[in-house]
Amino acid sequence: MAFVNLEVSGGVGTIRLDRPPMNALDVSVQDRLRELAAEAGARDDVRAVILYGGEKVFAAGADIKEMREMDHAAMVVRSRALQESFTAVARIPKPVVAAVTGYALGGGCELALCADYRIAGENAKLGQPEILLGLIPGAGGTQRLARLIGPSRAKDLIFTGRQVRADEALRIGLVDRVVPAAEVYEQAHAWAAKLAQGPALALRAAKESVDTGLETDLESGLAVERTWFAGLFATEDRERGMRSFVEDGPGKAKFL
């Protein structure tokens, strides 16, 4: 049984976690996430991606029973594969939105951090409770969380292991929008569907420029931006967008 699936419709690919009751992220789920991230990135009919765990829960974290059986040697090997699975999601070269309902804890929170944008339901609870197990986040939480909300706020969540409700998550920048729980997927799909109509290569360039710039110095980031900016002048989408602007006014270009 596949606990993670990719469903595609209208240019939007939904990577759906489906491992009841809590979408625990065991080894098989982690490996499947990596496979589907690569598939979503490569498919021409996928132009934007939604990460979704269903109406009740996004993902409540790792499978603790499975992890408990691993010793140090086993985790030395597995930890790299774990990070690579989440990094594969973060590096999907297309817009990615996390549709967060219910719990997004531990690995679930770390998976949401891999998205470009996060829409949470009013019932959402997010956090990094690994410290309560005598651990730290191991799927990118110490790095992506600090980059998103700043080191002090990230340390507060990581040091205490506390959960934050949707309103606090919005206030500290952990999520970008809060909507009624029943509307989370609908709102995420609307965000993705709009971007699926946009210029695919320019969106890829924008994502890579921002992400690369966050990982390097300003001078290097500007070089990446400059290279992409100039390169887009060789694309059909750039010609279509500028022609539409001149002839019809701003915001009317069709890129499909």
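As the structure is a computational prediction, the values presented were derived from the model and not from experiment. Each chain carries its own residue numbering, running from 1 in the written order of its sequence. Two thresholds apply to this predicted model, a pLDDT of at least 70 for residue-level local features and 80 or more for giving and counting side-chain atom pairs, whereas whole-chain, interface and lining totals are computed over all residues. For side-chain calculations, the full set of non-hydrogen atoms in the structure is used, while hydrogens and water are omitted.

### What about the packing of aromatic side chains?
Rules: Aromatic rings from Phe, Tyr and Trp, taking only the six-membered ring of Trp, are treated as a pair when their centres fall within 6.5 Å; an angle between ring planes under 30 degrees marks them as stacked, one over 60 as edge-to-face, and anything in between as tilted. Runs of E in the DSSP output that reach at least two residues are strands. Runs of H or I that reach at least four are helices, and both are numbered from the N terminus. For each residue, the accessible area found with a 1.4 Å probe, counting protein chains only, is set against the maximum for its type, and the residue is called buried under 20%, exposed over 50%, and partly exposed in between.
Tallied over the entire structure, the rule returns three aromatic pairs. Ring geometry for Y52 against Y185: centres 4.7 Å apart, planes inclined by 45 degrees, an arrangement best described as tilted. With Y52 in strand 3 (residues 48–52) and Y185 in helix 8 (residues 184–196), the pair connects residues that are 133 residues apart, well separated along the chain. The class of Y185 is partly exposed, set by a relative accessible area of 27%. Summarising the aromatic geometry, the rings of Y117 and W191 are spaced 5.2 Å apart at their centres and angled 5 degrees between planes, so their arrangement reads as stacked.

### Looking at unusual backbone geometry
The linkage connecting P20 with the following residue, P21, adopts the cis geometry, with an omega of 5 degrees. Structurally, P21 can be placed in the loop between strand 2 (12–17) and helix 1 (27–42). Positive phi outside glycine occurs at N23, with the angle close to 55 degrees.

### Description of the environment of E183
Its place among the elements puts E183 in the loop between strand 9 (177–179) and helix 8. Along the sequence, E183 and S28 sit 155 residues apart, while their C-alpha atoms lie 29 Å from each other.

### Regarding the sheet that holds strand 5 (residues 103–105)
The condition is simple: Note on pairing: two strands pair once DSSP finds at least 2 bridges between them. Note on definitions: angles span 0 to 180 degrees between N-to-C directions of axes, and those axes are lines fitted to C-alpha atoms, for helices only across the stretch in contact.
Spatially, three strands are ordered 5-7-8 in an open sheet, and the strand pairing comes out mixed. Only two strands of the sheet have a single neighbouring strand rather than two, namely strand 5 and strand 8 (163–165). Going from strand to strand, the sheet's axes swing by 20 degrees on average, the running direction of each strand aside. Inspection of the sheet shows strand 7 (residues 125–127) paired to strand 8 by three bridges, in the antiparallel sense. Bridge pairing in strand 8 places G127 opposite Q163.

### Here we look at the packing of helix 9 (residues 200–214) against helix 10 (residues 218–231)
Between two packed helices, what matters for the description is the angle formed by their axes and the separation of those axes. Applicable threshold: Angle categories are assigned with fixed cut-offs, so that under 35 degrees is roughly parallel, over 145 is roughly antiparallel, 65 to 115 is roughly perpendicular, and the rest are oblique. Contacts between residues were defined by any pair of non-hydrogen atoms, one from each residue, lying within 4.5 Å. When residues are grouped by polarity, Ala, Val, Leu, Ile, Met, Phe, Trp, Tyr, Cys and Pro land in nonpolar, Asp, Glu, Lys and Arg in charged, and all others, Gly among them, in polar.
Packing of helix 9 against helix 10 brings their axes to within 9 Å, and their N-to-C directions diverge by 170 degrees. The angle between helix 9 and helix 10 falls in the class roughly antiparallel. Every residue of helix 10 that contacts helix 9 at L201, A205, E208, S209, T212 and G213 is listed here: G221, V224, E225 and W228. Its residues placed into classes, the contact of helix 9 with helix 10 shows four nonpolar, four polar and two charged.

### Some words on the sheet that holds strand 9
The mixed open sheet is built from six strands, whose spatial order is 1-2-3-4-6-9. The two strands at the open ends of the sheet, each matched to only one other strand, are strand 1 (4–9) and strand 9. If you compare each strand with its neighbour and ignore which way they point, the axes differ by 20 degrees on average. Judged from the four bridges that link them, strand 3 and strand 4 (residues 96–100) form a sheet pairing that is parallel. Note on strand 4: the bridge partner recorded for I50 is V97. Sitting on the sheet, helix 1 is in contact with strand 1, strand 2 and strand 3, with an inclination near 20 degrees to strand 1. Against the sheet, helix 8 touches strand 1, strand 2, strand 3, strand 4, strand 6 (117–121) and strand 9, its axis set at about 175 degrees to strand 4.

### Brief notes about helix 9
Stated precisely, the cut-off is as follows: To estimate the expected span of a helix, count its residues, drop one, and scale the result by 1.5 Å.
Relative to the 21 Å expected for 15 residues at 1.5 Å per residue, helix 9 spans 21 Å between its end C-alpha atoms, a close match to the ideal helical length. Turning to helix 9, the residues buried within the fold contact helix 3 (72–90), strand 4 and helix 10.

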